[in-house]
Amino acid sequence: MDYKAVNFKYEYALVCRDIPKTIANGLSIEDHEPVDLNKTIQEQKDYIDYLKQAGLKLIEIDAQEIYPDCVFVEDTAIAIDNKIFISNPGAESRRGEAEAVTSKFEEHSKELGLEICQVQNKEESFVDGGDVMFTGREIIVGLSKRTNLKGAEELGAFFKDIPVITCKVFEGLHLKSSMSMISPDLILIGSSQPAQSCRQQIEKKSKFLDHYRFVNVDEDQNGSANVLSFNDRLVCSQSFQHLYSKMSDFKNATSLSNDELKKIDGCLTCRSVFFNKKS
Ligand code: CIR
């Protein structure tokens, strides 16, 4: 199948309907200012409103107070078209989040023709969706503190028609904390040494380099190279808007606030899982 033809066009998105009151206890790599619950609720509302007005059909799950990080649904499911891989998050405190996400996808699986698979070896295989980047031609899996090779192998076995390569992540939480797709074949990437090391590893392993173009962000900040791209739309974080001068057409893109959620290492991509019904 020619996955390039998909061109990041999506009809559905899974999101968390609201924010748990425990959000301030979300995991974070570094110390940070306290997370403001009301501002976070507003950020999530704006995000959901944007996806709705962009025409996506939303499948919403309820927030669960026992999982402060449950708004970051991207980490629990990796979707390409109608194929959904339920992950096994690397952080122990997050593993239970996958259950509600699985039930929600299962609820819609018949109607939408979804093909759902779960990590089999839950003791040893770990994957966070934030470490999985689909370029339109291949899947790049970041091996990080959250995602390991066994997890990448299980993912590859499920998406067996799509080539998978791995790269080591030396900085930030996830692979997509320091890079993301702007559009098919166009990769936004941090300019730091660890981010560029990911690029070098990709350049060594990928068979599709002739197709890819990398654009550096002007300045690396936590998550500044993470943008949301779908249906010919591009969304960036409001506070990073000034860092994309090399992207000539970026000024026309939308921006949304991610200031509260970035305190606990949340990026824009992490709050949704885009997918399609069976064609
Ligand atoms: C965590 O550490 O797991 C959460 N506080 C943030 C997860 C962000 N996920 C993502 O960017 N895919």
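This section reports on the structure supplied with the text. The structure displayed is predicted, hence computed values, not measured ones.

Procedures and definitions
- Residues numbered from 1 in each chain as written.
- Predicted model: local features only at pLDDT ≥ 70, side-chain atom pairs only at ≥ 80, totals over all residues.
- Heavy atoms only, no water.
- Helix = DSSP H or I, 4+ residues; strand = E, 2+ residues; numbered from the N terminus.
- Buried < 20%, exposed > 50% of the residue type's maximum accessible area, 1.4 Å probe, protein only.
- Lys, Arg positive; Asp, Glu negative; His and termini not counted.
- Salt bridge = Lys/Arg side-chain N within 4 Å of Asp/Glu carboxyl O.
- Polar contact = N/O pair within 3.5 Å; in protein donor to acceptor, adjacent residues only side chain to side chain.
- Contact = heavy atoms within 4.5 Å.
- Pairing = 2+ DSSP bridges.
- Axes fitted to C-alpha atoms, helices over the stretch in contact; angles between N-to-C directions.
- 1 Å grid on protein atoms, 1.4 Å probe; cavity = no way out; pocket = protein on both sides within 12 Å on 5 of 7 lines; lining within 4 Å.
- Points joined across faces, edges and corners; volume = space filled by probe spheres on them.
- Nonpolar A, V, L, I, M, F, W, Y, C, P; charged D, E, K, R; others polar.
- Expected span 1.5 Å × (residues − 1).
- Near = heavy atom within 4 Å.
- Areas by Shrake-Rupley, 256 points an atom, 1.4 Å probe, with all protein chains shown as cover.
- Sits in = over half its atoms within 2 Å of the grid points.
- Right-handed = clockwise from strand over helix to strand, strands pointing away.

Turning to its location among the elements, Arg271 is positioned in the loop between helix H5 (259-262) and strand S15 (273-275). Notably, Arg271 is buried but unbridged: the nearest opposite-charge side chain belongs to Glu43, and the N-O separation is 4.5 Å. Side-chain polar atoms of Arg271 contact the side chain of Gln44, separated by 3.0 Å. Each residue touching Arg271, except ones within four places of it in the same chain, is listed here: Leu14, Val15, Glu43, Gln44, Tyr47, Val71, Phe72, Val73, Ser257, Asn258 and Leu261.

All right, on to the sheet that holds strand S11 (residues 213-216) then. Remark on secondary structure: sheet strands pair via backbone hydrogen bonds, oriented parallel or antiparallel. Spatially, S9-S10-S11 is the arrangement adopted by the three strands of the open sheet, whose pairing is mixed. Since the sheet does not close on itself, it has two edges, and those belong to strand S9 (179-183) and S11, each with one partner. On average, adjacent strands in this sheet sit at an angle of 30° to one another, irrespective of strand direction. With four bridges joining them, S9 and strand S10 (residues 186-189) adopt antiparallel strand pairing. Its bridge partner being in S10, Met179 is matched across the sheet by Ile189. Against the sheet, helix H4 (residues 193-205) engages S9, S10 and S11, with an angle of about 175° to S11.

As enumerated under the stated definition, the model contains three cavities of 30 Å³ or more in all. In this structure, the largest cavity occupies an estimated 430 Å³ of space. If you trace the largest cavity, you find 21 residues lining it, with Tyr10, Glu74, Val132, Lys176 and Phe274 closest to the centre. At the level of secondary structure, the elements contributing two or more residues to the lining of the largest cavity comprise strand S3 (77-80), strand S6 (132-134), S9, strand S12 (228-230) and S15. Counting residues per element, the lining of the largest cavity draws most heavily on S3, at four residues. Of the residues assigned to the lining of the largest cavity, the class counts are 14 nonpolar, five polar and two charged. Counted as a void, the second largest cavity has a volume near 120 Å³. In this structure, the second largest cavity is lined by 19 residues; those nearest its centre are Asp75, Leu173, His174, Asp265 and Gly266.

With 13 residues, H4 extends 18 Å from end C-alpha to end C-alpha; this agrees with the ideal 18 Å at 1.5 Å per step. Every buried residue of H4 is listed here: Pro194, Ala195, Gln196, Ser197, Cys198, Gln201 and Ile202. Buried residues along H4 sit against strand S7 (139-143), strand S8 (164-168), S9, S10 and S11.

Below, the discussion takes up the layout of surface pockets. There is about 400 Å³ of room inside the largest pocket. Taken together, 20 residues form the lining of the largest pocket, with Glu30, Gln221, Asn222, Gly223 and Asp265 sitting closest to its centre. Per-class residue counts for the lining of the largest pocket are four nonpolar, nine polar and seven charged.

Another point: the site of the ligand. Taken together, 15 residues are adjacent to the ligand, and Leu27, Asp69, Glu74, Asp75 and Ile264 come closest. One of the side-chain N or O atoms of Arg94 is found 2.8 Å from an oxygen atom in the ligand. A distance of 2.7 Å separates a nitrogen atom of the ligand from a polar atom in the backbone of Ile264. Notes on the ligand: free accessible area 350 Å², of which the protein chains cover 98%. The pocket occupied by the ligand, as judged from atoms lying within 2 Å of grid points, is the second largest cavity. Partitioned by chemical class, the residues of the shell around the ligand number six nonpolar, three polar and six charged.

To continue, consider the pairing of strand S2 (residues 57-61). Here S2 lies mainly inside the structure; four of its five residues are buried. Bridging between strand S1 (residues 12-16) and S2 involves five bridges; their strand directions are parallel. By the bridge assignment for S2, Val15 is matched with Glu60. Following the backbone out of S1, through helix H1 (residues 37-53) and into the adjacent parallel S2, one traces a crossover that is right-handed.

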